[in-house]
Structure formats: structure tokens, C-alpha cells
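# Descriptive analysis of the structure
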Amino acid sequence: HLNERVPPNEIPEVDQLATSFNRMAASLADVERRRRELVGDMTHELRTPLTILKGYLEGLADETIEPSTDIYLRLSNEVSRMQRLVNDLQELSKMEAGYLPIDARSFDLYPLLTGIIQKFSDQLVAESSPQMLLDYPLDTPPVLADPERVEQILVNLIGNALRYTPAGSITIRVRSEGNKLWVAVIDTGQGIAREDLPHVFERFWRADRSRNRNSGGTGIGLAICRRLVELQGGTIEVDSELGVGSIFRFSLPIAQRG
Ligand code: ADP
């Protein structure tokens with residue numbers, strides 16, 4: 001029968017409840033901290049293009065800036081930047097909330113890769129634009145992944161490669177290794193300093209912010225890529241050398257045959 005004199009903290013159930021309550025509180029505090037950080041980062045990132053827009057618009061209004069095609073293009077660039085930021089943030093917040101459906105199935109990467117390369121090549125009109133190459137062995141097995149998410153990763157990585165490679169080449173190399181398929185995006189661009197490499201997948205991280213502002217990036221793309229790769233059971237890595245180029249590679253599980 002019940003011994004009513006046992007103090008509550010010596011009853012094992014109460015102990016267990018207290019432990020699981022503490023754990024829940026800690027994980028809620030963690031979610032709350034991440035949410036606060038995200039809002040803080042977002043505010044910071046949106047403030048810069050807004051300040052620039054406001055500066056131009058005020059200058060145009062009080063006629064200290066003369067209207068020109070160039071000015072309108074600059075305004076439009078800042079608006080595009082904010083659009084990208086808002087789109088990226090939407091993806092990011094879905095991921096933070098744990099809501100990003102992955103619809104994995106078995107498929108061949110080849111048509112996906114050629115389709116993406118075609119889309120990018122259509123935009124590369126300048127003569128000095130980097131060349132896009134595909135290295136895809138004939139016997140490459142199909143992957144088990146979500147084609148839409150894989151496309152999203154590749155568009156991000158190739159977009160970056162193009163952005164940071166004024167001329168030269170961008171190669172997409174596919175290799176199988178055990179039960180994984182590795183997809184590498186190799187560029188001959190500006191590269192990333194060794195000490196910066198551990199940070200590139202962090203949200204909002206950008207090498208030398210002032211230098212890269214003009215490149216139109218948001219610093220979210222690679223954080224999204226990493227999450228998307230991990231959600232599909234893969235890993236993502238980077239290797240780079242300043243002035244030589246970068247290799248971003250990620251793995252995907254190979255689909256079991258039969
Ligand atoms: P962004 O939108 O700024 O490109 P990312 O998260 O995609 O954001 O990349 C973060 C930063 O990593 C970039 O701002 C850039 O400094 C660096 N980076 C990414 N890809 C490359 C690349 N292929 N070559 C050189 N630097 C790169």
C-alpha cells in the first residue's frame with residue numbers, strides 16, 4: 001500500500017516527470033533562441049537594401065540625384081535582392097519549423113543535370129562567360145532522392161559558381177562510391193580563404209560582406225543546401241583555394257535496384 005510519508009521528489013515517477021519537463025523546457029528555450037536569432041539576422045539583412053533604396057529615392061525626390069537608366073537599374077537590383085532574401089527566408093523558416101516535405105523516389109540525375117545546364121547556358125550570353133561542362137559516367141546508377149530538392153541544391157551551387165567565377169569553367173562531376181552518389185560543382189573562380197571554409201554553410205555568412213554585396217547574394221543559399229542534403233540522407237562538403245577555385249560536393253543515397 002501507499003506510504004504517504006515518502007517526499008514527492010523520492011517517488012521515481014515524479015523524478016522522471018521532472019526530468020522530461022526540464023528536457024522539454026530546454027528544447028523550447030532552444031527553439032525560442034533560434035527563432036530570436038533568425039528574426040535578428042533577418043532584420044539586419046533587410047535593413048541594408050532598404051536604406052540604399054531610401055537613399056536613392058530621397059535623392060531623386062529632392063533632385064540631388066539625376067534620374068537615369070543606371071539609377072533605375074540600381075534601384076531594381078536592390079528590389080531583386082530583397083525578393084531573393086524574402087524567398088530564401090521563407091524556405092529557411094519552413095526548415096526551422098521542421099516543415100519541408102521530401103518526396104524521395106528513384107530517378108536518374110542525367111536529364112535533370114542537362115536540363116539545369118541548358119537553363120543556365122541560355123543566360124550566359126557574354127563571350128567571357130564561363131563554360132559549363134558535365135562529367136557523367138554512362139554507368140551512373142539512379143539515386144533515391146526528391147528531384148525538386150536536388151534541383152534546388154544544384155541551382156544554388158551552380159548559381160554561386162557562376163556568381164563567383166567571372167570567366168573559366170564550371171564542371172559538374174558525378175561519381176558513385178559505395179552506396180552513395182557524389183555530385184560535385186567545380187569552378188575556377190575567386191575561391192574561398194581557408195579560414196573561411198568552416199563558415200560557408202552558416203546562415204547569412206558571406207565572405208567579406210562589402211566585397212560581395214554587389215554579387216547579389218543573401219548568404220542563405222548554402223545553409224539551405226546543407227539542410228536539403230541532410231534531409232535526403234547525404235552530406236555536403238567544400239574545398240577551395242583563393243584565386244584557384246572551389247569544389248562543392250554533396251552525396252545522395254543510390255537507389256537499390258529491383
Ligand atoms: P550567397 O547568397 O551570398 O551566395 P551562400 O550561402 O550561397 O550565400 O554563400 C555564402 C558565401 O560563400 C558567399 O557569400 C560567398 O562569399 C561564398 N561562396 C559560396 N559559393 C562560392 C563559390 N563557388 N566561390 C567562391 N565563394 C563562394
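Right above here is the structure, for reference.
Just so it is clear, the model here is predicted, and its values are computed rather than measured. (Residues numbered from 1 in each chain as written. Predicted model: local features only at pLDDT ≥ 70, side-chain atom pairs only at ≥ 80, totals over all residues. Heavy atoms only, no water.)

### Section: helix α6 (residues 221–231)
Those residues of α6 that sit buried are Gly221, Leu222, Ala223, Ile224, Cys225, Leu228 and Val229. Buried residues along α6 sit in contact with α2 (69–96), α4 (147–163), β6 (236–241) and β7 (245–253). Just beyond α6, the residue with positive phi is Gly233, at close to 85 degrees. (Buried < 20%, exposed > 50% of the residue type's maximum accessible area, 1.4 Å probe, protein only. Helix = DSSP H or I, 4+ residues; strand = E, 2+ residues; numbered from the N terminus. Contact = heavy atoms within 4.5 Å.)

### So, the nonpolar core
Counting residues in hydrophobic clusters, the biggest one holds 47 residues, and the most contacted among them are Leu109, Val150, Leu154, Leu157, Ile158, Phe248 and Phe250. Residue contributions to this core peak at seven residues, all from α4. Each residue touching Phe248, except ones within four places of it in the same chain, is listed here: Leu157, Val183, Ala184, Val185, Ile192, Val200, Phe201, Leu222, Glu237 and Val238. The next biggest cluster of nonpolar side chains, apart from the first, holds six residues, and it includes Leu53, Leu60, Ile71 and Leu75. (Core = buried A, V, L, I, M, F, W, Y, C linked by side-chain atoms within 4.5 Å.)

### A word on the pattern of salt bridges
Overall, the coordinates contain eight salt bridges when judged by the stated rule. Measuring nitrogen to oxygen at the nearest pair gives 2.6 Å for the salt bridge that ties Arg74 to Asp70. With Arg74 and Asp70 both in helix α2, this residue pair falls four residues apart, about one helical turn. With a relative accessible area of 37%, Arg74 lands in the partly exposed category. Arg175 is the partner of Asp135 in a salt bridge, and the nearest nitrogen-oxygen pair spans 2.9 Å. Of this pair, Asp135 sits in strand β2 (residues 131–135) while Arg175 sits in strand β4 (residues 169–177); the two residues are 40 residues apart in sequence, bridging distant segments of the chain. Assessed through its relative accessible area of 27%, Asp135 is described here as partly exposed. (Salt bridge = Lys/Arg side-chain N within 4 Å of Asp/Glu carboxyl O.)

### A look at the layout of surface pockets
Here the largest pocket is characterised by a volume of approximately 580 Å³. Contributing to the lining of the largest pocket are 32 residues, with Asn160, Arg163, Tyr164, Gly221 and Leu222 lying nearest its centre. Elements with a contribution of two residues or more to the lining of the largest pocket: α2, α4, α6 and β7. With seven residues, α4 is the single largest residue contributor to the lining of the largest pocket. A class-by-class count of the residues in the lining of the largest pocket yields 11 nonpolar, 14 polar and seven charged. The calculated volume of the second largest pocket comes to roughly 260 Å³. Forming the boundary of the second largest pocket are Arg34, Glu37, Leu92, Met95, Glu96, Phe201, Glu202, Arg203, Ala223, Arg226, Arg227 and Glu230. The set of elements that each furnish at least two residues to the lining of the second largest pocket consists of α1 (12–61), α2 and α6. Residue composition of the lining of the second largest pocket, grouped by class: four nonpolar, no polar and eight charged. (1 Å grid on protein atoms, 1.4 Å probe; cavity = no way out; pocket = protein on both sides within 12 Å on 5 of 7 lines; lining within 4 Å. Points joined across faces, edges and corners; volume = space filled by probe spheres on them. Nonpolar A, V, L, I, M, F, W, Y, C, P; charged D, E, K, R; others polar.)

### Focus: the sheet that holds β6
Here five strands make up an open sheet; going across it, the order is β2-β4-β5-β7-β6 and the pairing mixed. Edge positions in the sheet fall to β2 and β6, since each has one partner strand and no second. On average, adjacent strands in this sheet sit at an angle of 15 degrees to one another, irrespective of strand direction. As paired strands, β6 and β7 are joined by six bridges and run antiparallel to one another. When the bridges of β7 are listed, Ser240 appears paired with Ser246. The sheet contacts of α4 involve β2, β4, β5 (180–187) and β7, and relative to β5 the element is tilted by about 25 degrees. (Pairing = 2+ DSSP bridges. Axes fitted to C-alpha atoms, helices over the stretch in contact; angles between N-to-C directions.)

### What to know about the pairing of β7
Pairing of β5 with β7 involves seven bridges; the strand directions are antiparallel. Bridging across to β7, Lys180 finds its partner in Pro253. From the end of β6 to the start of β7, which pair antiparallel, there are three residues, and Gly243 there has a positive phi angle of about 80 degrees.

### What to know about the packing of α2 against α6
Where α2 meets α6, the axes come as close as 10 Å, and the angle between the chain directions of the two elements is 35 degrees. Like other packed secondary-structure pairs, α2 and α6 cross with a definite hand, here left-handed. Every residue of α6 that contacts α2 at Asp88, Glu91, Leu92 and Met95 is listed here: Gly221, Ile224 and Arg227. (Left-handed = near helix turned anticlockwise from the far one by under 90°.)

### Re the site of the ligand
Surveying the vicinity of the ligand reveals 19 residues, the closest of which are Asn160, Arg163, Asp187, Thr218 and Leu222. Between the ligand and Leu222 there is a distance of 2.9 Å, counted from an oxygen atom to a backbone nitrogen or oxygen. The protein chains hide 98% of the 530 Å² of surface that the ligand would expose on its own. The cavity that encloses the ligand is the largest pocket. For the shell around the ligand, the secondary structure elements donating two or more residues are α4, α6 and β7. Per-element accounting of the shell around the ligand gives the leading share, three residues, to α4. When the residues that make up the shell around the ligand are grouped by side-chain class, the tally is eight nonpolar, eight polar and three charged. (Near = heavy atom within 4 Å. Polar contact = N/O pair within 3.5 Å; in protein donor to acceptor, adjacent residues only side chain to side chain. Areas by Shrake-Rupley, 256 points an atom, 1.4 Å probe, with all protein chains shown as cover. Sits in = over half its atoms within 2 Å of the grid points.)

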